[in-house]
Amino acid sequence: MRCIMGESPSVQGYFVLAGMNSAGLSFGGGAGRYLAEWMVHGYPSENIWELDLKRFGALQSSRTFLRHRVMEVMPLLYDLKVPRWDFQTGRQLRTSPLYDRLDAQGARWMEKHGFERPKYFVPPDKDLLALEQSKTFYKPDWFDIVESEVKCCKEAVCVIDMSSFTKFEITSAGDQALEVLQYLFSNDLDVPVGHIVHTGMLNQAGGYENDCSIARLGKRSFFMISPTDQQVHCWAWLKKHMPEDSNLLLEDVTWKYTALNLIGPRAVDVLSELSYAPMTPDHFPSLFCKEMSVGYANGIRVMSMTHTGEPGFMLYIPIEYALHVYNEVMSVGQKYGIRNAGYYALRSLRIEKFFAFWGQDLNTLTTPLECGRESRVKLEKGMDFIGRDALLQQKQNGVYKRLTMFILDDHDTDLDLWPWWGEPIYRNGQYAGKTTSSAYSYTLERHVCLGFVHNFSEDTGEEQVVTADFINRGEYEIDIAGHRFQAKAKLYPVTSLFTHKRRKDDVELSDLHGK
């Protein structure tokens, strides 16, 4: 049972605490405390994103939506929800222009902020009904399907529809847009036109209010890409901190663009044929953005990034061109082995590359220094930004937790329960934190978990500074449903060490115990 709470995204200074559904007596103390902290300090002392009012938007306020969703939710209080569980009501509310096309090709769907997103694509020879009804904490029936999609991403080229990402444009008549964004974001956005910057939008304590990528389209124009469920929260934060300036324009353009993620070593070949332009790294370097023609369509924003660490491009396509561009990409890509892929493949790729996601690994209490993202912070960029003082203090004092990558050593993928998220982490037999996300790495042929390691004093239980040496000197176990599995800790990704897929017996994880 949950409630909703927080500051209204539309009325500044108006706070809400509601939806307790007869649980007010049990929620009252904690909910009242967190709301009071929110009102006084601007944020609560714990991560309560799951209760945040700004997780919801106008799309969830339909009376029909609420009636059907409530009827589904109430029985779930007494039901066991398996991993990767999805609501059945309120579906097909927000869809990409490619929805019907992808659905006909076997797409199975998940929902995020009302937006339908493909999980994976079922081959014609698979039993669709059995796959849909499969619910387990063990090895799932979609394992082989996702494996083939990941393999295609690494060896050929795949297409993932990522239209659900939140997309904003910030423009101004003068230099106001750059000045405001420099204050709101930790990285330096004063870069040449066409460059992309990964950065964080921090609060006063240095925690992540948003983790995003920003492309500089022009001297006074920026394109911001954020996680799907950040649409309301990010908009409210920007509006709250932006000055009332008629020359400064913030526009939500999420609905204007279909986003296709073209992943794999042959992505460059596909796009080169469709654009009649060289797409090699020499001509189109990493983290670069350029408006191009793709097929017959003009004005496609092509970005050299994939959110996975694999080579490829993101294509932001005006929605009227979406079907044409998709058809052209699939047609030209046939000779390169192209296929559709879903978010489960994306998850596996990003976790084995140690890519943290906001809402799963990062939250308002996580700072860039705690998750190895110092490179995305420019403390000396020539002007102040929100959270800078807190980061300077943390840099001097040290961090009290550190995001770490764990590779399970003695875990049997076929027989043992899988890690999903929230599993306890033990260092030298002592509790040290919990996992935030996990996935099976088809490259390492092992499970990979991400999680924060703390240094609790054995005498007092108080948190102490966590250093790289502290991480590397420990012996780790991940507790999955009461069974502890040995794990190797890494502060940096290891997949770059594997140029070819290797058998488990050939991999000596002890050799990977990093710096």
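Residues numbered from 1 in each chain as written. Predicted model: local features only at pLDDT ≥ 70, side-chain atom pairs only at ≥ 80, totals over all residues. Heavy atoms only, no water.

Novice: Give me the UniProt feature "domain: FAD dependent oxidoreductase central" (unreviewed entry) in the protein chain: which residues, what numbers.
Specialist: Under the UniProt annotation, "domain: FAD dependent oxidoreductase central" (unreviewed entry) lies at residues 41-96. Its end C-alpha atoms 39 Å apart, residues 41-96 is made of 27% helix and 0% strand. (UniProt positions renumbered as here; feature names shortened; annotations may be inferred. Helix = DSSP H or I, 4+ residues; strand = E, 2+ residues; numbered from the N terminus.)

Novice: Kindly report on the packing of aromatic side chains, identifying the contributing residues and their values.
Specialist: One pass over the structure, following the stated rule, counts 21 aromatic pairs. Measuring from centroid to centroid gives 5.6 Å for Tyr120 and Tyr344, while their planes differ by 55°, and the two rings are tilted. Here the residue Tyr120 occupies a position in strand S4 (residues 115-121), and Tyr344 occupies one in helix H10 (residues 343-352), the gap between them amounting to 224 residues. For Tyr120, a relative accessible area of 2% gives the class buried. Its guanidinium or amino end placed over the ring of Tyr343, Arg117 lies 4.0 Å from that ring's centre, counting from NZ or CZ. When the ring centre of Tyr426 is taken as reference, the NZ or CZ atom of Arg484 above it lies at 3.5 Å. (Phe/Tyr/Trp six-rings, centres within 6.5 Å; stacked < 30°, edge-to-face > 60°. Buried < 20%, exposed > 50% of the residue type's maximum accessible area, 1.4 Å probe, protein only. Lys NZ or Arg CZ within 6 Å of the ring centre and 35° of its normal.)

Novice: Give me empty space enclosed by the protein: which residues, what numbers.
Specialist: Counted under the stated rule, the structure contains 3 cavities of 30 Å³ or more. When its volume is computed, the largest cavity comes out at roughly 90 Å³. Every residue lining the largest cavity is counted, 14 residues in all, and those nearest its centre are Arg84, Trp142, Trp418, Ala439 and Tyr440. The set of elements that each furnish at least two residues to the lining of the largest cavity consists of H10 and strand S18 (430-441). Looking at side-chain class alone, the lining of the largest cavity contains 9 nonpolar, 3 polar and 2 charged residues. Domain assignment of the residues forming the lining of the largest cavity places at least three in each of domain 1 (91-121 + 144-201 + 210-227 + 245-355) and domain 2 (398-514). Taken as a whole, the second largest cavity spans an internal volume of roughly 50 Å³. Here the lining of the second largest cavity takes 4 residues from S4, the largest share from any one element. Looking at side-chain class alone, the lining of the second largest cavity contains 5 nonpolar, 3 polar and 3 charged residues. (1 Å grid on protein atoms, 1.4 Å probe; cavity = no way out; pocket = protein on both sides within 12 Å on 5 of 7 lines; lining within 4 Å. Points joined across faces, edges and corners; volume = space filled by probe spheres on them. Nonpolar A, V, L, I, M, F, W, Y, C, P; charged D, E, K, R; others polar. Domains from an automatic or database assignment.)

Novice: Would you mind going over the nonpolar core in detail, with residue names and values included?
Specialist: Note on soluble globular proteins: their nonpolar side chains tend to be buried together. With 38 residues, the main nonpolar core has Val146, Phe223, Met303 and Tyr316 as its most contacted residues. For this core, the secondary structure elements donating two or more residues are helix H5 (143-155), strand S5 (158-161), strand S9 (221-226), strand S11 (257-263), strand S14 (312-318) and H10. Considering each element in turn, this core owes the most residues, 6 residues, to H5. Viewed by domain, this core spans two of them, domain 1 (91-121 + 144-201 + 210-227 + 245-355) and domain 2 (398-514), each represented by three or more residues. Aside from chain neighbours lying at most four places away, what touches Val146 is Tyr120, Tyr344, Ala345 and Tyr442. Grouped together as the second largest cluster of nonpolar side chains are 33 residues, Leu102, Phe121, Leu260 and Phe284 included. (Core = buried A, V, L, I, M, F, W, Y, C linked by side-chain atoms within 4.5 Å. Contact = heavy atoms within 4.5 Å.)

Novice: A description of the packing of H5 against H10 should follow, citing residues and the corresponding values.
Specialist: For the pair H5 and H10, the least separation of the axes is 9 Å and the interaxial angle reads 60°. If you check the angle between H5 and H10, you find them oblique. As for the relative orientation of H5 and H10, their crossing is right-handed in sense. Taking contact as the criterion, the partners of Val146, Glu149, Val150, Cys153 and Lys154 in H5 are, on H10, Tyr344, Ala345, Ser348, Leu349 and Glu352. (Axes fitted to C-alpha atoms, helices over the stretch in contact; angles between N-to-C directions. Parallel < 35°, antiparallel > 145°, perpendicular 65-115°, else oblique. Left-handed = near helix turned anticlockwise from the far one by under 90°.)

Novice: An account of the domain arrangement of the protein chain is needed here, citing residue identities and associated values.
Specialist: If you check the domain split of the protein chain, you get domain 1 (91-121 + 144-201 + 210-227 + 245-355) and domain 2 (398-514). On a C-alpha basis, the centroid separation for the pair domain 1 and domain 2 is 31 Å. Domain 1 puts 12 residues into the contact, and the matching count from domain 2 is 19 residues. When domain 1 packs against domain 2, close to 1200 Å² is buried across both sides, 63% of that on carbon and sulfur atoms. Where domain 1 touches domain 2, the interface holds 0 salt bridges. (Buried area = accessible area lost by both parts, 1.4 Å probe. Salt bridge = Lys/Arg side-chain N within 4 Å of Asp/Glu carboxyl O.)

Novice: Which residues make up the sheet that holds strand S8 (residues 208-218), and what values go with them?
Specialist: Pairing within the open sheet is antiparallel, and its 5 strands lie in the order S7-S8-S9-S6-S10. Both edges of this open sheet fall to strand S7 (196-202) and strand S10 (248-252), since each of them pairs with a single strand only. Strand after strand, the sheet turns through a mean of 25° between neighbouring axes, direction not considered. Along the sheet face, helix H6 (residues 176-184) touches strand S6 (166-172), S7, S8, S9 and S10 and points at about 130° away from the line of S6. (Pairing = 2+ DSSP bridges.)

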